[in-house]
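# Structural characterization, general
Residue-level listing of the chains:
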Amino acid sequence: MFFACSEEQKDDAASIAAKGYYDALLAGKYDAFVRGTYLPDTIPVSYREQLETNAKMFMAIQKEEHNGINEVKVINCTHDTARHTADVFLVFCFGDSLNEEVVVPMIEHKGRWLMR
């Protein structure tokens, strides 16, 4: 399937949150990306640092393999209102002109949408 990077962004809260977390990742704000993950309130500092390092490594791999990710677009979002969850469908628009669709499972926790 082909997904153009000109798709219109969906404007619901889960989609906006998911895109925001990935925009933070693209900007090198690995701590903000990790804070968008549904985790226990307190985790060891070393574990948080490992998650941030993993995010940084992911971006380095994308740079090497696809000339980076230029943009992230929302193409769809489905909700399970009874369980306060959503699946946000994003497209990564790579620097080598390839596109890849990814699904970001989300959960609403204390009024905030977080990645599962």
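Residue positions within a chain follow its written sequence, with the count starting from 1. Local features in this predicted model are restricted to residues whose pLDDT is 70 or higher, and side-chain atom pairs enter the listing and the counts only when it is 80 or higher, whereas totals over whole chains, interfaces and linings include all residues. Only hydrogens and water are set aside; all other atoms, that is, all heavy atoms of the structure, feed into the side-chain values.

This part covers the pairing of strand E1 (residues 69-80). A pair of strands counts as paired when DSSP detects no fewer than two bridges linking them. Each helix corresponds to a stretch of at least 4 residues labelled H or I by DSSP, and each strand to a stretch of at least 2 residues labelled E; elements are numbered beginning at the N terminus. Pairing analysis gives 10 bridges linking E1 to strand E2 (residues 85-94), with the strands arranged antiparallel. Pairing of threonine 78 across the sheet is with aspartate 87, part of E2.

Right, let's get into the pattern of salt bridges. What counts as a salt bridge is simple: a side-chain nitrogen of Lys or Arg found within 4 Å of a carboxyl oxygen of Asp or Glu. Counted according to the given criterion, the structure contains four salt bridges. Put simply, lysine 19 and aspartate 23 hold a salt bridge, and the shortest N to O gap is 2.8 Å. One end of the pair, lysine 19, and the other, aspartate 23, are both in helix H1 (residues 13-26), four residues apart, so they sit about a helical turn from each other. Overall, the relative accessible area of 14% leaves lysine 19 in the buried class. The closest approach of N and O atoms between lysine 73 and glutamate 71, which form a salt bridge, is 3.0 Å. Residue burial is assigned from relative accessible area. The probe radius is 1.4 Å, only protein chains are included, and a residue is buried under 20% of its type maximum, exposed over 50%, and partly exposed in between. For lysine 73, a relative accessible area of 19% corresponds to the buried category. The class for glutamate 71 is partly exposed, based on a relative accessible area of 33%.

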